[in-house]
Amino acid sequence: MLLDNLLDGRTAIVTGAAGRLGSEFSRALCLAGADVVLADTDLEGARKLEQSLSGIGSARAHRLDISDPASVRDLAEAVPDPDVLVNNAFFNPSIGQKEETKRLETFPLALWKEVIDVNLTGTFLCSQAIGGLMANNSGGSIINISSIYGMVGADQRIYGDSGLNSQPSYAATKGAILNMTRYMAAYWRGKNVRVNTLTLGGVLDRSYMRDEFIKNYSEKTILGRMADRTEYNGAVLFLASDASSYMTGSNLVIDGGWTAW
Ligand SMILES: NC(=O)c1ccc[n+]([C@@H]2O[C@H](COP(=O)([O-])OP(=O)(O)OC[C@H]3O[C@@H](n4cnc5c(N)ncnc54)[C@H](O)[C@@H]3O)[C@@H](O)[C@H]2O)c1
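Definitions and cut-offs
Residues numbered from 1 in each chain as written. Predicted model: local features only at pLDDT ≥ 70, side-chain atom pairs only at ≥ 80, totals over all residues. Heavy atoms only, no water. Helix = DSSP H or I, 4+ residues; strand = E, 2+ residues; numbered from the N terminus. Expected span 1.5 Å × (residues − 1). Buried < 20%, exposed > 50% of the residue type's maximum accessible area, 1.4 Å probe, protein only. Near = heavy atom within 4 Å. Polar contact = N/O pair within 3.5 Å; in protein donor to acceptor, adjacent residues only side chain to side chain. 1 Å grid on protein atoms, 1.4 Å probe; cavity = no way out; pocket = protein on both sides within 12 Å on 5 of 7 lines; lining within 4 Å. Sits in = over half its atoms within 2 Å of the grid points. Nonpolar A, V, L, I, M, F, W, Y, C, P; charged D, E, K, R; others polar. Pairing = 2+ DSSP bridges. Points joined across faces, edges and corners; volume = space filled by probe spheres on them. Phe/Tyr/Trp six-rings, centres within 6.5 Å; stacked < 30°, edge-to-face > 60°.

Overview of helix α1 (residues 20-31)
Part 1 of the argument: Along its 12 residues, α1 runs 17 Å from first to last C-alpha, staying within 8% of the 16 Å computed at 1.5 Å per residue.
Part 2 of the argument: Buried residues dominate α1, accounting for nine of its 12 residues.
Part 3 of the argument: Buried residues of α1: Leu21, Gly22, Ser23, Glu24, Phe25, Ser26, Ala28, Leu29 and Cys30, and no others.

Some points on the site of the ligand
Part 1 of the argument: The environment of the ligand is formed by 24 residues, the closest being Leu21, Asp40, Asn88, Tyr170 and Lys174.
Part 2 of the argument: In the environment of the ligand, an oxygen atom lies 2.8 Å from a nitrogen or oxygen atom belonging to the backbone of asparagine 88.
Part 3 of the argument: Take valine 203: an N or O atom from its main chain is 2.8 Å from an oxygen atom of the ligand.
Part 4 of the argument: Judged by the proximity of its atoms to the pocket grid, the ligand belongs to the largest pocket.
Part 5 of the argument: Elements with a contribution of two residues or more to the shell around the ligand: α1, β5 (140-147) and α5 (168-187).
Part 6 of the argument: For the shell around the ligand, the element with the most residues is β5, which contributes three residues.
Part 7 of the argument: Tallied by class, residues from the shell around the ligand come to 11 nonpolar, eight polar and five charged.

Some points on the pairing of β5
Part 1 of the argument: Taking burial as the measure, the eight residues of β5 include eight buried ones, the bulk of the element.
Part 2 of the argument: Relative to β5, strand β4 (residues 84-87) runs parallel, the two being bridged by four bridges. For asparagine 87, the partnering residue across the bridge sits in β5 and is asparagine 144.

Regarding the layout of surface pockets
Part 1 of the argument: Volume-wise, the largest pocket comes out at about 1,000 Å³.
Part 2 of the argument: Taken together, the elements giving at least two residues each to the lining of the largest pocket come down to α1, β2 (35-40), α4 (109-136), β5, α5 and α6 (211-219).

Looking at the packing of aromatic side chains
Part 1 of the argument: Tallying each qualifying case throughout the model produces six aromatic pairs.
Part 2 of the argument: Their ring planes at 25° and their centres at 5.3 Å tell us that tyrosine 159 and phenylalanine 213 sit as a pair that is stacked. On the criterion of sequence distance, the pair formed by tyrosine 159 in the loop between β5 and α5 and phenylalanine 213 in helix α6 is long-range, its members being 54 residues apart. Side by side, tyrosine 159 and phenylalanine 213 carry an identical accessibility label, which is buried.
Part 3 of the argument: One aromatic cluster in this structure is built from Tyr149, Tyr159, Phe213, Tyr217 and Trp258.

Taken by themselves, the reported measurements are silent on function.
Below, the structure is given as structure tokens:
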């Protein structure tokens, strides 16, 4: 594989590593030679992933709650010389949601705050701790995972009565990440800490998506389909490695053309 050894000798932290995309990012970073810290509240899931990666490279599970400052401090102590941080973890209350969460007018304040705490404050806390270490060491690359719904409003028409919906708190946090990225990139100028956003479109998952939703979503993209979960790995390797050495404070959008028309 062309990208073998791309990240040899680098240590990469992936938050939310046990999830759908986190596990893909972790596998790709591991294959490229990085020592990968699989950080998640779901320690069992992270351990399973650690086992599955044991044959291809170096990876270790670590329990992390990104919204808890003490837990983030533990991570910084456990990984004192990080090179890459993928801020990927997020709290997703949209599946199995209560009726009141489907309307802006009744969206519960407690849930709004919970989402902000994880998606935004958690991303801030991890960047603060791990970016600070990078700045004091030899630098590094922070990749903040956002969504098309951080760039444009969610088209509620595509959801029909499928029970899937996009939350206002999701949009607010994913949009905020774009400018937090620019702020941090500017702040760490001269420290060789590059900070970029990776904005993603929707990933096909037939385990909970209805055909009607998949069709509606696909029609909103230029490529006419949802993403496969592996289709963002190249971008993660690009941003994590020296291949993107002249890129900071930027937003790499991979969305099948959703935001282009
Ligand atoms: N899946 C998509 O279609 C899609 C589209 C656009 C953007 N994204 C973005 O990609 C990222 C990953 O999405 P996914 O679909 O893989 O999600 P997922 O729900 O499969 O995984 C999220 C992971 O985060 C972990 N997590 C939750 N709260 C945490 C906390 N406080 N501390 C540490 N870990 C925590 C969960 O245990 C889970 O393993 C998210 O940032 C999401 O916004 C996903």
